[in-house]
Structures are given as C-alpha cells and as structure tokens.
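# Close look at the chain arrangement
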Amino acid sequence: MTAAPRVAMLRSILLFLAVVTLPASGWAAQASTGASEGQVRNGQVKSLSRQQNPREANHTRIPHSISRSKQVRRFYGEKKTQLTRKDLLVAIPSTSGRLPLVHGSMVWRKNVPTFIITETGSDAAKLTRKAASEGKPLERYGEWREASACKKAGDVRAGVTPFLAAHLHGYDNFKWMLYGDDDTVFFVDNALDMLEELDHNMPYFLTDHLWFPDQFDGQPVEAHRKMHPNRSAPRCLPCGYQDPLHAANGTSSHVPEGSYKAPEGCPCTLETLCRAAENPGYWGTECEWLKASYPGMWYFEHGGAGAILSVGLFRHPKLKWAKMEKLFDVDGGVSGDAQFMAAVYQEAALLPTDPGYGFYRPQVTLFDPGWRGEQTKGPEDSEWGVVDLGNDPATIVERLQNSLSEGYCGKDCEDSLQHMLTTHIRARYLAGQVLPNSVKSSVQSGAGGFVDEQQATVHLQHKLSTLFQRYMEQKGLQRG
C-alpha cells in the first residue's frame, strides 16, 4: 500500500473511532493472585478483578538492593552514553489557558530543553520571546490547531506534539524525549540514570503504564472494558536487559502476576510479541486477540503517566515529520495518547517497551505509581465506562516526607522512590485535597467553590519536585 492510501486509511480510522461509544460491561470472575492461576491460556479467560489490585496483592517479595546505581548496571550492562539534561527534550501539549501549569512545571524541567505545543493563534513566537525575556531560553513554543470532532479539542494536538516537537528542536539536538501532559511531573534524575544504559538510536517507546482490555477471552474486544494501568498489556523488555529474573528472548521461568514472559524488543514489534518464546497462543493462535485490541483504540499508553521516546523512534523512516504532518491534519479522532500510539503502530509497526525494573516487581511502578491498597478505584472509573486503578501523587509526597524525616521509609518504599519516573497530578479530581488550609484561603476558587485546579497543580508540582530534590541530595543520588 502506498503512503497516500495508508494516511487516508488511518485518518478514516481516527475519525470513526471518535464516534465509537465505549461499552460498559460486567467484570469477569475474580482472578487468582497466583501467577500460574491468574493467567489461563488457550482460549480460557484471563482477567484482573476490581477487588484485587495486582500491585498490592499478597506476593512473594523479590529480594533486591536499594542501591539504584548498582541495580542500573546489573540490569542494563555498561553505560551506553553519559547523559545530561541537555540531552533530553520535554514535549508538552497544552493551551494558552493552561499556561500556569506549564510555568509551574519549570521546577522539575529546569535546564531541560522544552517545547510546548499550544493552539493555533496563541502566537508561539511571542510566547517563545516572552520565555526568553524571563530567563527561560530553553523554553520554546509551537502551534497546532484545535479539532472540533474530538472529545477534547486538543486531542489531535496532544497526539502530534512529540513529532512536532522533535521536528522543531531538530533530531540531532536530543537523545530522549520526555512526553507527558501539562500536569505530569517527571523525576529527571531517575530518568537520566535509567536512560544512560539504553541505546537512544534504538526506536524505543518506553512506558509501563498502558491501557488494555480488562480481560481477553476470544470474545469481541468491545465486550470488555479498558483498564489502566494493566500489567497484562503487551510490551517488550529493553534490548539486552539483564535482570536476574529475566532470561534473554522471554525464556525466564518467572512470570509476573497477571502478566506473561516478555521478550527483548530490538525493537519491539507485533511480530516480536506474538512469537515470543514460551508464549504460544497467549494472544490467540495467530495473535488475533492482540490485533483485535487495535493499538490506538483499546491498547495505548496513558498520556498523563507520560512516556519516554528515543530519538531513534523519530528517525524511523516511516515516522518522519513530512508524513506525520499530513497524518495529523484531521479534525477528529480518539484521545491524544491513543492517536500517538495508533500512528507509531500503523506506520512503523512499533509497540511499547517496559523499562524493565517494575515488570518483575509488582511493588514498583515507574510511570505514575500508586499505592491504593485493596483497590480504591481511580477517578476515571465511573466517567467513561473504563477501569481506572488509580494513581496516588499525594502518597509520593508522604513517602518522600517520611524518608526525609526518618532517613528510611522501608525497602519497597525506598525502591519505588529511587526508580519512579513520573506522576500524574490530575488536580481536577483532588484540587480541594492537596492544598493546606493556609494556602486554600489565599488562592482563587473555581466554579462551585472548589479550589482552583491550576493553583492546586502548581502547588503540588512544586512540592513533589522540591521534596524529590532534597531526597536525592540526602541519598547522594542527585545529578549535576
């Protein structure tokens, strides 16, 4: 198929998916907490239950050191490159009405080149000049139009942001992109340590926080709900990954609860996942269950949790800007994160890679961790007929505070803090909870008397980032 029909076909798919109503359905029978019982192959139901969050389930704790530097070397081998903040590029979709969130994020993206993509007519050149006059020469702006047929007008802009930012910044000027919402916080020091061991020329799409159907049993995918984060979501491990619990080519005898034996992706493709050693028929005899999830509809990264993208991804010959510019010239589609996933899969046949460390350790999530115990549902659970297992930025604050005051917050707590890469504030759901009373009285309230969500987000951005910086200094892990 030539490029023009492929572009037209994906446009049609995106426009069609914009009007798809996601059906709500009942839950499957509760899955066992045992890895061998929690996943049943060859046509039987594989499910995760509302009552049992696999990240908090009873399980055998896997011994591991809390020395992050030793772990990194052990899992990824020798350093591929020495990275600094100038080797990164932050890409944020936003609007002129949400620029206070962008400005608040400066606390964590200091000294990191940044592109913010706002709506057409926001005068990106003027915003760039203003940032430079305020002492922020690394903060620049681009524009993309609104899309009236999307659920949110900025959905197409959110999908195109990584491609546009990479194009505007130049492929030779960065090695890794930090891509998230304007209320996503990245923990840059942790990211640099992890990324130094990976090859930025490999087309990596890194995340461990994915949407995927809550069960797959050979029935039409529309009969199920999307769930995030879903440990059953298909993904590879990094090329050359050396975790002691993982053997090359997915032949490890250890299967994480609610998951499968992940292969190394060099890069990660549908073929790699479907033909992974010792996973015969996991997604159907011809991988039909995975294909039916259609990457970009029922299977995609959670945008708020963020993703890390290599320059190798943007240098892929099928993902160059000339093609992406045409692909995203549409007026509708699914959510921005889903549109990005659809483009990467449809055009280049690439799928996500789990950074690895949390894959075998259910007490650790790298992208947007949560500690909500025996399943308190997340805020999106009842909104769109999806399964939201929740996140918990407020508990990250609490854990950082506990470790700073006591010097140690427990093995799993320290392990999580030293490996987490992002958190998604989602302040519209908790604006009234995160601000102390002394601050609530001094900030503007939004409609209905609720504390303004932008004020709450900026407050939490600052608190998370400053506590994390103090924590890293206390542990001797801070970067220059």
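Values in this document were obtained by computation on a predicted structure and should not be read as measured data.

### Some remarks on the nonpolar core
Core analysis: the largest hydrophobic core is formed by 109 residues, its most contacted members being Phe163, Met177, Leu195 and Ile308. The biggest single contributor to this core is helix H13 (residues 336-348), with seven residues. Excluding its chain neighbours within four sequence positions, the residues that come into contact with Met177 are Leu89, Ala91, Pro162, Ala165, Ala166, Ala307, Ile308, Leu309 and Phe314.

### Things to note about the layout of surface pockets
Taken as a whole, the second largest pocket spans an internal volume of roughly 400 Å³. Residue lining of the second largest pocket: 19 residues in total, with Arg85, Val107, Trp108, Asp189 and Gln469 positioned closest to the centre. Counting only elements with at least two residues in the lining of the second largest pocket, the list comes to strand S5 (184-186), helix H7 (188-195) and helix H18 (453-475). Of the residues contributing to the lining of the second largest pocket, the split by class is eight nonpolar, six polar and five charged.

### A closer look at the pattern of salt bridges
All told, the structure shown has 15 salt bridges when counted by the stated rule. Measuring nitrogen to oxygen at the nearest pair gives 2.4 Å for the salt bridge that ties Arg157 to Glu146. Here Arg157 is found in helix H6 (residues 155-169), whereas its partner Glu146 is found in the loop between strand S3 (139-144) and H6, with eleven residues between them in sequence. On the basis of relative accessibility, which here comes to 35%, the residue Glu146 falls in the partly exposed class.

### Observations concerning the pairing of strand S1 (residues 88-93)
Taking burial as the measure, the six residues of S1 include six buried ones, the bulk of the element. Alternating positions in S1 separate into two faces, Leu88, Val90 and Ile92 on one and Leu89, Ala91 and Pro93 on the other, with burial throughout. Where S1 meets strand S4 (residues 176-179), four bridges bridge the pair, whose relative direction is parallel. Bridging across to S4, Ala91 finds its partner in Tyr179. With four bridges joining them, S1 and strand S2 (residues 114-119) adopt parallel strand pairing. The partner of Ile92 across the bridge, within S2, is Ile116. Viewed along the sheet, the connection from S1 through helix H4 (residues 99-104) into S2 turns out right-handed.

Definitions and cut-offs
Residues numbered from 1 in each chain as written. Predicted model: local features only at pLDDT ≥ 70, side-chain atom pairs only at ≥ 80, totals over all residues. Heavy atoms only, no water. Core = buried A, V, L, I, M, F, W, Y, C linked by side-chain atoms within 4.5 Å. Buried < 20%, exposed > 50% of the residue type's maximum accessible area, 1.4 Å probe, protein only. Helix = DSSP H or I, 4+ residues; strand = E, 2+ residues; numbered from the N terminus. Contact = heavy atoms within 4.5 Å. 1 Å grid on protein atoms, 1.4 Å probe; cavity = no way out; pocket = protein on both sides within 12 Å on 5 of 7 lines; lining within 4 Å. Points joined across faces, edges and corners; volume = space filled by probe spheres on them. Nonpolar A, V, L, I, M, F, W, Y, C, P; charged D, E, K, R; others polar. Salt bridge = Lys/Arg side-chain N within 4 Å of Asp/Glu carboxyl O. Pairing = 2+ DSSP bridges. Right-handed = clockwise from strand over helix to strand, strands pointing away.

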